[in-house]
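# Analysis of the macromolecular model
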Amino acid sequence: MNHPQGEITGQQRVYDVAPALSFDTESQLSSEVPLRVKGFLAFAAVVIYAVLLTTFTFNKKSELASEFEKLQNFYKIEEQLRQVDATAFHIVMGVFMSSNDTNPKAAAQRFASNFELLKNKNDELAKQYPYAAINLVKIEQAARQANATDHPTPEELAAMNSELLKVKIEITQRIDESRQEQKASADRFNTQWDSAALASMMFGIIGLLLLGAIIGLFFTRLTTDLHALKGVAWDIIKGKRDVATPVTRNDEVGELMQAINQMASALDEREKELVI
């Protein structure tokens, strides 16, 4: 009679302790960093990385577009400089053909007429690219001075021709400079293109490696902890009560570890009380 009563008493004591133990467990098991929050943090990190990569790509794209626009401008400048050069060459040929002309006034007028064509071509160049325009002030002054009189002197005609040759030389120099700038701009464009492609590829590879490493580490640790919990659960089923798994996490899996450890401890105490 005493033994059943003891069992009943023991059972009553177990059932009285279990709610208290369960209450304490619930109050102690609080997840500091839940798995959902970790998932959100990982997703936020991926989004931030993608935004940074996109910003970097757009910056490189704008740099490439700017350099490409400069390269196109250099080609357009050279094209218009060649038109100015062709007009200057036409004037030079006219001067050469009229070198034996016995009428200096007619030669000066033809020069002035051809000079207007040169001036118009230079004005077209100046409208689009002011920094590339040719200075025609001196040659214009020489032509005006030669046409101011009815009988231009040989010195005045020679001054026109001299200024024309200087302009022709300056145009040739400008074309050579434009070609050098084209080459430098093309080299910069190719360098920036290679740099942008290499940097984008490296950032992509680094991002994939980091993402893969984080995902691999997360699931490796999760799998390891779940296997440990599985082993403890099987030990409890087999009757072992002195088993426990170390709690190394502060999330829901850590709560599960604490719950299994406390369950094993509670079962051990309950069985001891039943034996008593």
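The structure presented is a predicted model; accordingly, all values stated were derived computationally and were not measured.

What follows concerns the pattern of salt bridges. Pairing is possible between side chains that carry opposite charge, provided their charged atoms lie close to one another. Under the defined criterion, the tally for this structure stands at 12 salt bridges. Residue Lys119 is joined to Glu140 by a salt bridge in which the shortest nitrogen-to-oxygen separation is 3.0 Å. With a gap of 21 residues between them, Lys119 in helix H3 (residues 104–128) and Glu140 in helix H4 (residues 137–146) connect regions that are remote in the sequence. Exposure remark for Lys119: the relative accessible area of 25% places this residue in the partly exposed category. Residue Glu140 is classed as partly exposed on the basis of its relative accessible area of 23%. Of the charged contacts in the structure, one is a salt bridge between Asp225 and Arg221, with a shortest N-O distance of 4.0 Å. Taken together, the residues span about one helical turn, with Asp225 and Arg221 both in helix H5 (residues 154–237) at a distance of 4 residues. What makes Asp225 buried here is its relative accessible area of 9%. Its relative accessible area of 38% is what places Arg221 among the partly exposed residues. Through salt bridges with shared partners, a single ionic network connects Glu78, Arg82 and Arg179.

Moving on to the packing of aromatic side chains. Throughout the structure, instances matching the rule amount to 5 aromatic pairs. Here Phe68 and Phe189 contribute two aromatic rings whose centre-to-centre distance is 5.9 Å and whose plane-to-plane angle is 45°, an arrangement assigned as tilted. Here Phe68, found in helix H2 (residues 35–97), pairs with Phe189, found in helix H5; they are 121 residues apart in sequence, far enough to count as distant. Note on Phe218 and Phe219: the rings are 5.2 Å apart at their centroids and 85° apart in plane angle, and the pair reads as edge-to-face. Under the relative-accessibility criterion, Phe219 is labelled partly exposed at 46%. Among the aromatic residues, those joined into a cluster by ring pairs are Phe68, Phe189 and Trp193.

Mapped onto the elements of the fold, Thr191 is located in helix H5. The spacing of Thr191 and Leu64 is 127 residues in sequence and 9.8 Å in space, taken between C-alpha atoms.

Before going further, it helps to spend a moment on a nonpolar patch on the surface. Together, Leu198, Met201, Met202, Ile205, Ile206, Leu209, Leu210 and Ile214 make up an exposed nonpolar region whose accessible area comes to about 780 Å². Judged by relative accessible area, Ile205 falls into the partly exposed class, the value being 44%.

Take the packing of H4 against H5 next. Between H4 and H5, the least distance of the axes is 9 Å, while the angle of their chain directions is 160°. It follows that H4 is roughly antiparallel to H5 by the angle criterion. In this structure, H4 crosses over H5, and the sense of that crossing is left-handed. The segment H4 lies against H5, with Lys138, Ile139, Ala142, Ala143, Gln145 and Ala146 engaging Glu156, Ala159, Met160, Glu163, Leu164 and Val167. Residue composition of the contact of H4 with H5, grouped by class: 8 nonpolar, 1 polar and 3 charged.

What follows deals with the nonpolar core. General note: in soluble globular proteins, nonpolar side chains tend to be found buried as a group. Phe111, Leu118, Leu136, Ile139, Met160 and Ile171 are the most contacted members of the largest nonpolar core, which has 25 residues in total. Setting aside residues up to four positions removed in sequence, Leu136 forms contacts with Phe115, Leu118, Lys119, Asn122 and Val167.

One can find Glu67 in helix H2. With near-sequence residues (within four places) excluded, Glu67 lies in contact with Ser185, Arg188, Phe189 and Gln192.

With respect to the helices and strands, the residue Lys105 is situated in helix H3. For the buried Lys105, no salt bridge exists, and the shortest N-O distance to an oppositely charged side chain is 4.6 Å, to Asp150. Residues contacting Lys105, with those up to four places away along its chain left out, are Asn147, Thr149, Asp150 and Pro152.

With that settled, consider the environment of Gly239. Its place among the elements puts Gly239 in the loop between H5 and helix H6 (252–275). Note on Gly239: relative accessible area 40%, which makes it partly exposed. It is 9.7 Å that separates the C-alpha atoms of Gly239 and Ala264, two residues lying 25 residues apart in sequence.

How each quantity is defined
Residues numbered from 1 in each chain as written. Predicted model: local features only at pLDDT ≥ 70, side-chain atom pairs only at ≥ 80, totals over all residues. Heavy atoms only, no water. Salt bridge = Lys/Arg side-chain N within 4 Å of Asp/Glu carboxyl O. Helix = DSSP H or I, 4+ residues; strand = E, 2+ residues; numbered from the N terminus. Buried < 20%, exposed > 50% of the residue type's maximum accessible area, 1.4 Å probe, protein only. Phe/Tyr/Trp six-rings, centres within 6.5 Å; stacked < 30°, edge-to-face > 60°. Patch = residues over 30% accessible without salt bridge, like charges linked within 9 Å, V, L, I, M, F, W, Y side chains within 5 Å. Areas by Shrake-Rupley, 256 points an atom, 1.4 Å probe, with all protein chains shown as cover. Axes fitted to C-alpha atoms, helices over the stretch in contact; angles between N-to-C directions. Parallel < 35°, antiparallel > 145°, perpendicular 65-115°, else oblique. Left-handed = near helix turned anticlockwise from the far one by under 90°. Contact = heavy atoms within 4.5 Å. Nonpolar A, V, L, I, M, F, W, Y, C, P; charged D, E, K, R; others polar. Core = buried A, V, L, I, M, F, W, Y, C linked by side-chain atoms within 4.5 Å. Lys, Arg positive; Asp, Glu negative; His and termini not counted.

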